[in-house]
Amino acid sequence: MSERLTVLKTYKLYVGGKFPRSESGRVYEVTDSKGNWLANAPLSSRKDARDAVVAARKAFGGWSGATAYNRGQVLYRVAEMLEGRRAQFVHEVADAEGLSKSKAAEQVDATIDRWVWYAGWTDKIAQVVGGGNPVAGPFFNLSSPEPTGVVAVLAPQKSSFLGLVSVLAPVIATGNTAVVVASENAPLPGLSLAEVLATSDVPGGVVNVLSGRTAEIATPLAAHQDVNAIDLAGADEVLAKELEIAAADNLKRVLRPQPVDDWSAAPGTDRMTAFLETKTVWHPTGSLGASGSAY
């Protein structure tokens, strides 16, 4: 039998539920921890970033309007599919982060568990951060959380898969849509995650994944008037300061980068509440007098 040539994988961006190449036509080499070539990844441009924001905004109404229970089911389906492609992600994470297969497997297992964890929170976070407020007067006063909108997410640079999911999942679990900038030096697990999202029940545009130079992509996202918030997890101190200034132009919510020693530690609810707004509704109970309630 003649020797066959291996079919190399072509990694692409994920924007609006589709897999375009970068508008610029550019790619860059991705190498493993030893400098060995792994693949060519798309080098996203400012135009790609703007296209991703348009897709995220278009998807926001449907995703935020879905029931919290439905979002939980959708996220759980993603975890199911990640489990089915576990071997692929173990291989990619091992190459990306220079880990042994066993260590990479631990990271992938923790990532799948993280998806399940956030899937369970979708219909519970409202009970934690919302509720009835005692007020002086004949009123019901109710506070409930609502998603902020389109969130730009700079994925952690060193934790290519677990770190990425740890900052992405809470954003979409709470009804926001996301534009994700994958780790600059290790984007392949993030780009493969996009393939899972595309074949799951996550509507196109809810998550958009870009790869390339973090500073080059993040700058137009921070200044974009239709981006409502930005998570700076993958920015260094200098870049974070620049992006924070750019984000102030339309009063974006900004989650500053915080040192994380272990992404597998229990995350708590902070990243979910970071991108939630609180809506408070006053409703009259009716006049309460000598004759009793007006109802």
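Residues numbered from 1 in each chain as written. Predicted model: local features only at pLDDT ≥ 70, side-chain atom pairs only at ≥ 80, totals over all residues. Heavy atoms only, no water.

A.B. asks: I would appreciate a short explanation of the nonpolar core in the present structure.
C.D. replies: One recurring pattern in soluble globular proteins: nonpolar side chains tend to sit buried together. One finds Leu82, Trp115, Ile172 and Leu193 to be the most contacted residues of the largest nonpolar core, which totals 62 residues. Val53, Val179, Val181 and Leu221 belong to the second-largest nonpolar core, a separate cluster that totals 25 residues. (Core = buried A, V, L, I, M, F, W, Y, C linked by side-chain atoms within 4.5 Å. Buried < 20%, exposed > 50% of the residue type's maximum accessible area, 1.4 Å probe, protein only.)

A.B. asks: Would you explain the packing of helix H4 (residues 101-121) against helix H6 (residues 162-173) in this entry?
C.D. replies: The description of two packed helices rests on the angle between their axes and on the distance between the axes. At their nearest, the axes of H4 and H6 sit 10 Å apart, and the two run at 10° to each other. The angle between H4 and H6 falls in the class roughly parallel. Listed contacts from H6 to Gln107, Ala110, Thr111, Arg114, Trp115 and Tyr118 of H4 are Leu162, Val165, Ser166, Ala169, Pro170, Ile172 and Ala173. Classifying every residue of the contact of H4 with H6 gives 9 nonpolar, 3 polar and 1 charged. (Axes fitted to C-alpha atoms, helices over the stretch in contact; angles between N-to-C directions. Helix = DSSP H or I, 4+ residues; strand = E, 2+ residues; numbered from the N terminus. Parallel < 35°, antiparallel > 145°, perpendicular 65-115°, else oblique. Contact = heavy atoms within 4.5 Å. Nonpolar A, V, L, I, M, F, W, Y, C, P; charged D, E, K, R; others polar.)

A.B. asks: Please explain the layout of surface pockets as it appears in this structure.
C.D. replies: Roughly 370 Å³ of internal volume is contained in the largest pocket. Every residue lining the largest pocket is counted, 17 residues in all, and those nearest its centre are Pro156, Gln157, Lys158, Ala233 and Gly234. Looking at the lining of the largest pocket residue by residue, the classes come out as 8 nonpolar, 5 polar and 4 charged. Considering only enclosed or pocket space, the second largest pocket measures out at about 240 Å³ in volume. In this structure, the second largest pocket is lined by 13 residues; those nearest its centre are Gln258, Val260, Trp263, Pro267 and Arg271. (1 Å grid on protein atoms, 1.4 Å probe; cavity = no way out; pocket = protein on both sides within 12 Å on 5 of 7 lines; lining within 4 Å. Points joined across faces, edges and corners; volume = space filled by probe spheres on them.)

A.B. asks: Is there a simple way to think about the sheet that holds strand E6 (residues 177-181) in this case?
C.D. replies: Strand-to-strand pairing in sheets goes through backbone hydrogen bonds, with the strands running parallel or antiparallel. Spatial strand order, E7-E6-E5-E8-E9: 5 strands in an open sheet with parallel pairing. Two strands close off the open sheet at either side, each with one partner strand: strand E7 (207-210) and strand E9 (253-255). Looking at each pair of strands side by side, their axes are set apart by 15° on average, direction ignored. Running over the sheet, helix H8 (residues 214-223) touches strand E5 (150-154), E6, E7 and strand E8 (229-231) and is turned about 150° from E6. (Pairing = 2+ DSSP bridges.)

A.B. asks: Would you take a moment to explain the pattern of salt bridges for this structure?
C.D. replies: Two side chains carrying opposite charge are able to pair once their charged atoms lie near each other. If you walk through the whole model with that rule in mind, you get 13 salt bridges. With a shortest N-O distance of 3.1 Å, Asp51 and Lys47 are connected by a salt bridge. With Asp51 and Lys47 both in helix H1 (residues 46-65), this residue pair falls 4 residues apart, about one helical turn. Accessibility expressed as a relative area gives 30% for Asp51, which makes it partly exposed. (Salt bridge = Lys/Arg side-chain N within 4 Å of Asp/Glu carboxyl O.)

A.B. asks: Please clarify how the packing of H8 against helix H9 (residues 237-247) should be interpreted in this entry.
C.D. replies: Where H8 meets H9, the closest approach of the two axes is 8 Å, and the angle between their N-to-C directions is 20°. The pairing of H8 with H9 is recorded here as roughly parallel in orientation. For the pair H8 and H9, the sense of crossing is right-handed. Together, Thr214, Ala215, Ala218, Thr219, Ala222 and Ala223 of H8 and Leu239, Leu243, Ala246 and Ala247 of H9 make up the contact between the two elements. Split by residue class, the contact of H8 with H9 holds 8 nonpolar, 2 polar and no charged. (Left-handed = near helix turned anticlockwise from the far one by under 90°.)

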